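Observations on the model geometry
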Amino acid sequence: MKLNRRTLACAAVLAFSGLATGAFAQTKWDLPAAYPATNFHSENLAQFAADVDKASGGKLKITVHPNASLFKAPEIKRAVQGGQAQAGEILLVNFQNEWPIYGADGLPFLADSYDEAMKLWKAQRPLLEKKLAEQGMMVLYAVPWPPQGIYSKKPINSAADLKGVKWRAYSPATARIAELVGAQPVTVQAAELSQAMATGVVEADMSSGPAGDDTKTYEHLKYWYDTQAWLPKNAVIVNMKAFDALDKPTQDALLKAAAEAEARGLAMSKKTNTETLDKLKAAGMQILPPSPQLKADLAKVGETMLKEWLDKAGAEGKALVDAYHAK
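All values reported here derive from a predicted model rather than from experimental measurement.

1. Here we look at helix H10 (residues 292–326)
Over its 35 residues, H10 extends only 25 Å from the first C-alpha to the last, a length that falls short of the 51 Å expected when each residue adds 1.5 Å. Of all bends in H10, the biggest is about 125 degrees, found at Gly314.

In C-alpha cells form, the structure reads like this:
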C-alpha cells in the first residue's frame, strides 16, 4: 500500500512538472488599445494577434483589449513602459508635449497623402526607435488614419472664405489653423459636435471622412474639401524586456506579423476612407477637391506651423524633415 502511495505521489509530481513545463512554454501578452473593436485599427490588431499565435506555433498568445477596457488612451504608453502591459497601441500625436517628434504626422499639410504619410513614417521611425529604446520599449508597426479635410456650411474657394467662420477647434493645431486663416475658433468636443452644428455654434470643422460619418455631420454641413491636411498614425509598441524574453523564432514570428499588419492596416485605412466618403456623398454631402487657391493658402498655413514646430523640435525636428524631403 505504501509503495502504491509513493508511486502515485511520484507520478503526480512528474505530471505537475510536465504541466508546469507546458505552461512556461507559452507566453501570454496583453495589448491595450483605445478604439472600439469595430474600428479598423482594432480589427487589424485582432488579425495581428491571430497571426502571431499561428506563426509562433501557439508559443505567444496576445490578448487585445480594445475600447480602452484595460487602460485609457493616455495611460497605454506608460503601462507598456512600466510592464503593466507587454504591448499597446497609441496615437503618436497624443504624446507631442512629451517629445515634439511624436507630433510630426500631425503637422498640417506636411504629408498630404497616404504615400507621403508612409514616406514620413520611414523618416520618423529611426528617431522614434531610438527614443523608445531609451525608455525600454520598441515599435512594431504603425498605421495611418484616413486624411483630414474641411467640412463647411458654405462653399470655400480660398482661405479668405473662412474669415469669421465659426471653426471647431479640438486641438492646439486646429485652433492655430483658425487663427492663421482668420476664422473664429470654437472649442467643441466630439460628443457635443452634432448639437453645436445644429445650433449654428459650429460652421466649419477639420476632420476625417469616418469622423464626419460617425457624427452625422452631413445633416448640418454640406461640403467636405479633401485637403488631406494630415494623416496621424497609431503605433503598436512593446516592452523591450518582454520582447527580449522571447526565443529567437518567436521574435521573428512577431516581427513578421508586425510587418504584415502595417501593410494590411494601410490598405484597411484606404478602404475605410473610400467607404465613408461614399456614405457621406450618398447622404447628400458634396465631396470636393480644394481649389488651387485654397490649396496654396493652406500650404502657407502649413509652412508657418512647420516653422513653429521646428523651433520647438530643434535639431531632431530638422533632421526628420530633411530626411523626409530627401526620400
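And the narrative resumes.
2. A closer look at the packing of helix H2 (residues 40–55) against helix H9 (residues 248–282)
With their axes 9 Å apart at the nearest point, H2 and H9 run at an angle of 155 degrees to one another. The angle between H2 and H9 falls in the class roughly antiparallel. In the packing of H2 onto H9, the handedness of the crossing is right-handed. Contacts from Phe40, Glu43, Asn44, Gln47, Phe48, Asp51, Val52 and Ala55 in H2 reach Ala253, Leu254, Ala257, Ala258, Glu260, Ala261, Arg264, Gly265, Met268, Ser269 and Thr272 in H9.

3. Some thoughts on the nonpolar core
Grouped together as the largest cluster of nonpolar side chains are 36 residues, with contacts concentrated most on Leu128, Trp309 and Leu320. Mapped onto this core, the elements with two or more residues apiece are helix H3 (76–82), helix H4 (114–134), strand S4 (137–144), strand S10 (233–239) and H10. Apart from the residues lying within four places of it in its own chain, the contact partners of Trp309 are Gln96, Pro100, Ile101, Gly103, Ala104, Leu107, Gly317, Leu320 and Val321.

4. Some thoughts on the sheet that holds S10
By way of backbone hydrogen bonds, the strands of a sheet pair with one another, either parallel or antiparallel. Sheet architecture is open: 3 strands sit in the order S3-S10-S4, paired in antiparallel fashion. The open sheet has two free edges, formed respectively by strand S3 (87–91) and S4, since each of these has just one partner strand. Direction aside, neighbouring strands of the sheet carry axes that sit 25 degrees apart on average. Sheet analysis places S4 next to S10, joined by 7 bridges and oriented antiparallel. Looking at S10, one finds that Val143 is bridged to Asn234. In the packing of H2 onto the sheet, the strands contacted are S3, S4 and S10, and the crossing angle to S4 comes to about 130 degrees. Of the strands in this sheet, S4 and S10 are in contact with H4, which crosses S4 at around 165 degrees.

5. Quick look at the confidence of the model for the protein
Put simply, the protein has an average pLDDT of 91, and 93% of its residues get 70 or more. For residues 8–24, every residue scores under 50 in pLDDT, and the model assigns this stretch 0 contacts once sequence neighbours within four places are set aside.

6. What to know about the side chain of Thr217
By the secondary structure assignment, Thr217 is in the loop between helix H7 (209–214) and strand S9 (223–225). On the basis of relative accessible area, Thr217 is assigned to the buried category, the value being 0%. Excluding anything up to four places from it in sequence, Thr217 contacts Tyr151, Met197, Gly212 and Met285.

7. Structural notes on the pairing of strand S6 (residues 166–169)
Sheet topology note: the S6/strand S7 (residues 184–187) ladder contains 4 bridges and is parallel. Directly across from Trp167, in S7, lies its bridge partner Pro185. After leaving S6, the chain enters helix H5 (residues 172–181) and then returns to the sheet as S7, a path that is right-handed.

8. Topic: the pattern of salt bridges
Counted under the stated rule, the structure contains 18 salt bridges. Among the salt bridges present, the one from Lys119 reaches Glu116, with a minimum N-O distance of 3.5 Å. One end of the pair is Lys119 and the other is Glu116, both in helix H4 and 3 residues apart, which spans about a single turn. Overall, the relative accessible area of 22% leaves Lys119 in the partly exposed class. Residue Glu116 is classed as partly exposed on the basis of its relative accessible area, which comes to 24%. The partner of Lys131 in a salt bridge is Glu134, and the shortest N-O contact between them spans 4.0 Å. With Lys131 and Glu134 both in helix H4 and 3 residues apart, this pair spans about one turn of that helix. One network of salt bridges, with partners in common, ties together Arg125, Glu129 and Glu262.

9. Examining H4
Under the 1.5 Å per step criterion, the end-to-end length of H4 is 29 Å for 21 residues, consistent within 8% with the ideal 30 Å. Most pronounced at Gln124, the bend in H4 amounts to some 35 degrees, and the proline Pro126 follows within four residues. Lining the buried residues of H4 we find H3, S4, S10, H9 and H10. Of the residues flanking the end of H4, it is Gly136, one or two places downstream, whose phi is positive at about 80 degrees.

10. Structural notes on the side chain of Ser56
Inspection of the secondary structure assignment puts Ser56 in the loop between H2 and strand S2 (60–65). Judged by its relative accessible area of 7%, Ser56 falls in the buried class. Of the polar contacts made by the side chain of Ser56, one reaches the backbone nitrogen of Leu60; its length is 3.1 Å. Beyond its immediate chain neighbours, meaning those up to four positions away, Ser56 contacts Thr250 and Ala253.

Scoring rules and cut-offs
Residues numbered from 1 in each chain as written. Predicted model: local features only at pLDDT ≥ 70, side-chain atom pairs only at ≥ 80, totals over all residues. Heavy atoms only, no water. Helix = DSSP H or I, 4+ residues; strand = E, 2+ residues; numbered from the N terminus. Expected span 1.5 Å × (residues − 1). Bend = angle between axes of the 7 residues up to and from the residue. Axes fitted to C-alpha atoms, helices over the stretch in contact; angles between N-to-C directions. Parallel < 35°, antiparallel > 145°, perpendicular 65-115°, else oblique. Left-handed = near helix turned anticlockwise from the far one by under 90°. Contact = heavy atoms within 4.5 Å. Core = buried A, V, L, I, M, F, W, Y, C linked by side-chain atoms within 4.5 Å. Buried < 20%, exposed > 50% of the residue type's maximum accessible area, 1.4 Å probe, protein only. Pairing = 2+ DSSP bridges. pLDDT = per-residue confidence, 0-100. Right-handed = clockwise from strand over helix to strand, strands pointing away. Salt bridge = Lys/Arg side-chain N within 4 Å of Asp/Glu carboxyl O. Polar contact = N/O pair within 3.5 Å; in protein donor to acceptor, adjacent residues only side chain to side chain.

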